[in-house]
Structure formats: structure tokens, C-alpha cells
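Examination of the molecular architecture
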Amino acid sequence: MADFAHFVDRTLHGAEPYLIAVAVILWAIAFGTAATATWRRPLGAQSQPPRIFFRAATGFLVIVLSICAAGLFISHAALDELRPRLNALVTDVLVDGMPVAAPEPLLAALRRIESRRYHHSHPTGSYRVQLQTSEGPLELVLRRDSAVPNEYWVYYRGFEATEANDIGTVFTDALDGR
């Protein structure tokens, strides 16, 4: 599944701008045909939207929902890819290039990554966390939540999509004072 997820990630990364452009054009066609049909309709007459409206609106929805589903799939694949390394024996932990004196609280939090729980906030300060594990190196970026100071958004650089979009959140006080 990991190879397929990387293929979807690479494909989506290149095709997404074009897919969004096509979706916007389809939305404009759907909106334009509905507006034109409404404008041309006599006052009080029953209106039936043109067939092209349904086709364009369906195309728009298929593209937008497919992009959202692919993003969700990639996010879950990223979690599946990094969990074996997170649960393996960790020999070294660096935060922003500096060794961590007591890595256990940070590791425990990272091993409990939760699904996204958005609450009208945004990520702020960023920390680069590097782990050397028996399963290989792992690099994550943790960004502190603007509303909950001990909540961090987790970003994984293994996929294009998850480098810009978080894969989950962790709660820890291990980075306080940094």
C-alpha cells in the first residue's frame, strides 16, 4: 500500500493544479447555465435546470471529492508508514538539531498521534524532530497550536501532501521552554 500511496501522492501533486482549474471551469459552467436559465425564465414559470448543469456540477463534485479522498488516503498511509519507526527502539532524539535530555515524554506523545481535531486555531512555532530508530531515521515537524499550548500539529516529510498538511496532533509538555 505504501508504494501505491507514494504513486498517488506524486501523481496528485503534479495534477492537482490542473484538476482544480477544470473543477473551477465546471463550476462556472454549472453556475452560468443555472443563472442564464433563471434569468430567461418568465416570472412565475416553473424552471427545469438544463442537462449541462447536472453534468458540470457532477464533474465539479467528483473532482473536489476525489482530491479530498486522496488527501485522506495519503494521510493515513503516512501514519502507517511512520508508526513502525515510532514504535521501534529509538537510539537518538534531536529537536532542532539539539539532543533531548529526557526523550521519553516526547516519544510517548509521538506514539499516541491522534487524528486531526480542528478547533478554529492554527499552527505557530515549529520544531524539527529527528529520531534515529532501529527501523531507520525519521524526521517530523511539530508545530505548536495557537489556542492549546501543549498541542502540536504533526507534519511528515515522507509525502508531498503531508509536508504541507498535518497528519495528526500530539499533546506534550516536552517542548516547553524551547
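Preceding this paragraph is the structure being described.
For the structure given in this document, a descriptive report is provided here.

1. A word on the packing of helix α1 (residues 2-40) against helix α2 (residues 51-87)
The interhelical angle for the contact between α1 and α2, taken along N-to-C directions, is 155°, at an axis separation of 8 Å. As summarised for this structure, α1 and α2 are arranged roughly antiparallel, according to the angle between their axes. Seen along the crossing, α1 lies across α2 with a hand that is left-handed. The residue makeup of the contact of α1 with α2, split by class, is 26 nonpolar, three polar and three charged.

2. As for α2
An ideal rise of 1.5 Å per residue puts 54 Å on 37 residues; α2 measures up with 54 Å between its terminal C-alpha atoms. At Glu81, α2 shows its largest bend, some 25°, and a proline, Pro84, comes one to four positions later.

3. Considering the pattern of salt bridges
Under the definition given, this model contains four salt bridges. Across the pair Arg128 and Glu139 runs a salt bridge, and its minimum N-O distance is 3.3 Å. Here Arg128 is found in strand β3 (residues 123-133), whereas its partner Glu139 is found in strand β4 (residues 136-145), with eleven residues between them in sequence. Since its relative accessible area comes to 25%, Glu139 is described here as partly exposed. Ionic pairing is found between Glu139 and Arg157, a salt bridge with its closest N-O pair at 3.5 Å. Of this pair, Glu139 sits in strand β4 while Arg157 is found in the loop between β5 (151-156) and α4 (160-164), placing the two residues 18 residues apart along the sequence.

Reading the values: the criteria
Chains are numbered independently. Their residues run from 1 in the order of the written sequence. In keeping with the predicted nature of the model, local features appear solely for residues at pLDDT of at least 70, side-chain atom pairs appear and are counted solely at 80 or more, and the whole-chain, interface and lining totals rest on all residues. Working from all heavy atoms in the structure, the side-chain values ignore hydrogens and water. Between N-to-C directions, angles cover 0 to 180 degrees, with each direction set by a line fitted to C-alpha atoms, over the stretch in contact for helices. Numbering of helices and strands runs from the N terminus, with a helix taken as a DSSP run of H or I at least four residues long and a strand as a DSSP run of E at least two residues long. Orientation labels follow simple angle bins: below 35 degrees gives roughly parallel, above 145 gives roughly antiparallel, 65 to 115 gives roughly perpendicular, and whatever is left gives oblique. Helix crossings get a hand from a simple test, with the near helix turned counterclockwise from the far one by less than a right angle marking a left-handed crossing and a clockwise turn marking a right-handed one. For this scheme, ten residues count as nonpolar: Ala, Val, Leu, Ile, Met, Phe, Trp, Tyr, Cys and Pro. Four count as charged, namely Asp, Glu, Lys and Arg, and the remainder, Gly too, count as polar. Expected helix span is given by 1.5 Å per residue-to-residue step, counting one fewer step than there are residues. Two axes enter the bend calculation: one fitted to the seven residues ending at the residue in question, the other to the seven starting there, and the bend is the angle between them. Salt bridges are identified by distance alone: a Lys or Arg side-chain nitrogen within 4 Å of an Asp or Glu carboxyl oxygen. Burial classification: accessible surface area is computed with a 1.4 Å probe over protein chains only, and a residue below 20% of its type maximum counts as buried, one above 50% as exposed, and the rest as partly exposed.

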